[in-house]
Amino acid sequence: MEKILVLDDDFEMVQAVGAVLSGDGYDVETALSPDEAIDKVKDSPFNLVITDLRMNKTDGIELMQQVHAASPGVPVVIMTAYGTVQNAVEAMKLGASDYILKPFAPEDLQAVVNRVFETSRDLSAAANRSGFLTRDPRTKQLVEMAVRIARSNSTVLISGESGTGKEVLARMIHSESQRSQGPFVAVNCAAIPDNLLESELFGYEKGAFTGAISSKPGKFELAHGGTLLLDEIGEMSMLLQAKLLRVLQEREVDRIGARHPVSVDIRIVATTNRELGQLVKQGLFREDLFFRLNVVPLRLPPLRERRSDIALLAVHFLEKAAAPLRLHLNDDALRLLEANDWPGNVRELQNSILRAVAICEGPIVQPEHLFLGESPAHRASIDSLQTIDGMERELILKTLEEKSGNRTHAAKALGISLRTLRNKLREYRMEA
Ligand SMILES: Nc1ncnc2c1ncn2[C@@H]1O[C@H](COP(=O)(O)OP(=O)(O)OP(=O)(O)O)[C@@H](O)[C@H]1O
Ligand SMILES: [Mg+2]
């Protein structure tokens, strides 16, 4: 049954809305203050929040942002009086799903709620086929929210710890957008030194600097008609931030050394694993750029906060890596995976599964194949870097990970025979 939270500081209003929706078979909870509402949202997930726009202290938009911080992507419907329609429209830009004008008849309310749930189902279907796997209710809503934003043209900021799936989400936003036929261009701002990043992003004209023997378009231009992913935007220098802000405002870029700007039609998706708001306070990130990027923030929770995804992803990676072999996780191995905190998130889980596939001989993946937690194998792998043998083992396992567990490719990359590789793996298994 779908759960709806109704918030208004007007008791009669809350009662009336609650009665209509309960009558339609929804599971309704009510709140008379924003604090009460936030507590309820933190307590359990809702499928819809309906809130008044203007209440005594907090306004509905602020509340919506708090709701989205606690439970990203949950649809929010704003109730508003006639005079404040402009605010409701503003709220839609900031992520509200719909609004309803007060006073309204029960049928109007039912129509809006039906519309929101219909859209949710549509978004949910899109989210399910998107390749971003999750069965955690809150993360699911976040992915649905991402699909909804994808269809608009707004700038998106995705934050989350390393390995949580920010790039997967960014690619999904591109493929679900009207730009899906256009290019998807990614730039990692952390990996490129600042002076190179500028020419990488903006391009240059022939003779703009020593070594510029011909003109070259930048990533902004290459992404024209499509999406530009700016990975690790928190690492960008203040100078480049100012230039980026100009691109976002003017929708045009100046190649280094060019006389005229070129106009570009791009959607920017930025990611960060740092707290950008914090960087702003420290004077390391421009506040105006932060506000421009942070229109609809998407915060991917770390894997340890959505443990129900661990088994889902583990089985997915196992099937992907082990094909055409059929491997299974035994219960102990699964429990061990689910209890682990995964500081490296989904990527670490994926690597762990690839290792297990390489190490495991029979059809069943057992705890000792996972190199996790307090198992002796794990301790050995930490001590191992002290010895030549240990380093060799690390190298072999890492290469296997990179080659998705394919022994033939790994042996080739390592410059050893397949037989030697097999023997080494057998040795490691005996040790474990
Ligand atoms: N929900 C998911 N479903 C399927 N695969 C996922 C999911 N999340 C992450 N992955 C996989 O996990 C790995 C890490 O994901 P991704 O590169 O998107 O993370 P990231 O947040 O961009 O990490 P970083 O901060 O290190 O750049 C990738 O191989 C990706 O395919
Ligand atoms: Mg990434």
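Residues numbered from 1 in each chain as written. Chains lettered and ligands numbered in written order. Predicted model: local features only at pLDDT ≥ 70, side-chain atom pairs only at ≥ 80, totals over all residues.

A. Structural detail: the overall build of the chain. On a plain count of helices and strands, the chain comes out with 19 helices and 16 strands. Its C-alpha atoms give the chain principal-axis dimensions of about 80 × 65 × 40 Å. The 432 residues of the chain split such that 38% are buried. Taking the contacts inside the chain whose residues are at least 6 apart along the sequence as the reference set, 67% of them involve residues at least 24 apart. (Helix = DSSP H or I, 4+ residues; strand = E, 2+ residues; numbered from the N terminus. Buried ≥ 20, exposed ≤ 12 C-beta atoms within 10 Å, placed from the backbone. Contact = placed C-beta atoms within 7 Å.)

B. Quick look at the environment of Pro-45. Its place among the elements puts Pro-45 in the loop between α2 (34-43) and β3 (48-52). Distance in space between the C-alpha atoms of Pro-45 and Arg-138 is 6.9 Å, their sequence separation being 93 residues. Aside from chain neighbours lying at most four places away, what touches Pro-45 is Ser-71, Pro-137 and Arg-138.

C. Looking closely at the domain arrangement of the chain. Domain parsing of the chain yields domain 1 (3-128), domain 2 (152-301) and domain 3 (304-431). Computed over C-alpha atoms, the centres of domain 2 and domain 3 are 35 Å apart. Each partner contributes to the interface: domain 2 provides 6 residues, whereas domain 3 provides 7 residues. Residue classes in the side of domain 2 that touches domain 3 are distributed as 1 nonpolar, 4 polar and 1 charged. (Domains from an automatic or database assignment. Nonpolar A, V, L, I, M, F, W, Y, C, P; charged D, E, K, R; others polar.)

D. Region of the structure containing the sheet that holds strand β13 (residues 267-272). Taking strand neighbours across the sheet as the criterion, the 5 strands line up as β7-β10-β13-β6-β14 in an open arrangement whose pairing is parallel. Two strands bound the open sheet, and with one partner strand each, they are β7 (184-188) and β14 (296-299). The sheet shows a mean angle of 20° between the axes of neighbouring strands, direction not considered. As judged from the 5 bridges shared by β7 and strand β10 (residues 227-231), these two strands associate in the parallel manner. Its bridge partner lying in β10, Ala-186 is registered against Leu-229. (Pairing = 2+ DSSP bridges. Axes fitted to C-alpha atoms, helices over the stretch in contact; angles between N-to-C directions.)

E. Highlighting the site of ligand 1. In the vicinity of ligand 1, 15 residues are found, and the nearest of them are Leu-133, Gly-165, Lys-166, Glu-167 and Val-346. Residue assignment for the shell around ligand 1 shows that the elements contributing at least two residues are α7 (166-175) and α15 (345-359). A class-by-class count of the residues in the shell around ligand 1 yields 4 nonpolar, 8 polar and 3 charged. Here the shell around ligand 1 gathers at least three residues from each of two domains, domain 2 (152-301) and domain 3 (304-431). (Near = placed C-beta within 6 Å.)

F. Expanded view of the sheet that holds strand β1 (residues 3-7). One open sheet holds the 5 strands; their spatial order is β2-β1-β3-β4-β5, and the pairing between them is parallel. The open sheet has two free edges, formed respectively by β2 (27-31) and β5 (98-102), since each of these has just one partner strand. Direction aside, the axes of adjacent strands within the sheet are offset by 20° on average. As paired strands, β3 and strand β4 (residues 76-81) are joined by 4 bridges and run parallel to one another. Note on β4: the bridge partner recorded for Thr-51 is Ile-78. Packed onto the sheet, helix α1 (residues 11-23) meets β1, β2 and β3 and runs at close to 170° relative to β2. Helix-sheet contacts for helix α3 (residues 60-70) involve β3 and β4, and the interaxial angle to β3 is about 160°.

G. Local environment of the pairing of β10. Counting buried positions along β10 gives 5 out of 5 residues, so the element sits mostly inside the fold. Here β10 shows a buried face lined by Thr-227, Leu-229 and Asp-231 and a second buried face lined by Leu-228 and Leu-230.

H. Spatial organisation of α1. Over its 13 residues, α1 extends 18 Å from the first C-alpha to the last, a length consistent with the 18 Å expected when each residue adds 1.5 Å. For α1, the complete set of buried residues consists of Val-17, Val-20 and Leu-21. End-on, the buried residues of α1 take up no more than an arc of 95°, which puts them together on one face. Opposite the buried face of α1, at more than 90 degrees from it, the exposed residues are Phe-11, Glu-12, Ala-19, Ser-22 and Gly-23. Of the surrounding elements, those touching the buried residues of α1 are β1, β2, β3 and α5 (106-128). Looking at the residues trailing α1, positive phi occurs at Gly-25, about 95°. (Expected span 1.5 Å × (residues − 1). Arc of directions from axis to C-beta.)

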